[in-house]
Amino acid sequence: MSKSDTSHHDERIANMSFASVYPHYVTKVEKKGRTQEELHEVIEWLTGYDAHKLKEIIEQKTNFKSFFENANLNENAHLIKGVICGYRVEEIANDTTRQCRYLDKLVDELAKGKKMEKILRQA
């Protein structure tokens, strides 16, 4: 599969449940001394989902396609730039995949100890 044909990859991400990835996010940030509350703050900034709604999403095993279709994506999400998993976030064509990588990038920055003001981009 060439780097330009990502349809299989995009479909896999769209069908993956948020619940299957969430524990990995928690482990990643907590191993680096950050808290689940900070993780929730980052997720809420990006998606509009509070801790109560996240609990529902996890219980319902919502896939990433629905997760992002129903999200109220932050108007500054486009300011999330950089490389994650070998792809430049701002160049990912598929909306769900790009939004999923936005979340991955924010979790990475949180785990790397970036200040919350920097993670939660302001225009």
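Just above, that's the structure.
Just so it is clear, the model here is predicted, and its values are computed rather than measured.

What about the state of the cysteines?
Step number 1: Tallied over the full model, the rule gives 0 disulfides.
Step number 2: Take cysteine 85: it sits in no disulfide, and the sulfur closest to it among the cysteines is that of cysteine 100, at 8.7 Å.
Step number 3: The exposed category is assigned to cysteine 85, whose relative accessible area is 52%.

What about helix α2 (residues 18-31)?
Step number 1: Taking 1.5 Å per residue, 14 residues should reach 20 Å; α2 reaches 20 Å between its end C-alpha atoms and fits that length.
Step number 2: Of all the positions in α2, only Phe18, Ala19, Val21, Tyr22, Tyr25, Val26 and Val29 are classed as buried. End-on view of α2: buried residues confined to an arc of 150 degrees, all on one side of the axis. What points out from α2, more than 90 degrees from its buried face, is the exposed set His24 and Lys31.
Step number 3: The inward-facing, buried residues of α2 abut α3 (36-47), α4 (51-59), α5 (64-69) and α6 (95-111).
Step number 4: Following α2 by one or two positions, glycine 33 adopts a phi angle in the positive range, close to 85 degrees.

Cut-offs used in this document
Residues numbered from 1 in each chain as written. Predicted model: local features only at pLDDT ≥ 70, side-chain atom pairs only at ≥ 80, totals over all residues. Heavy atoms only, no water. Disulfide = S-S within 2.5 Å. Buried < 20%, exposed > 50% of the residue type's maximum accessible area, 1.4 Å probe, protein only. Helix = DSSP H or I, 4+ residues; strand = E, 2+ residues; numbered from the N terminus. Expected span 1.5 Å × (residues − 1). Arc of directions from axis to C-beta. Contact = heavy atoms within 4.5 Å.

All we've got here are geometric facts, nothing functional implied.
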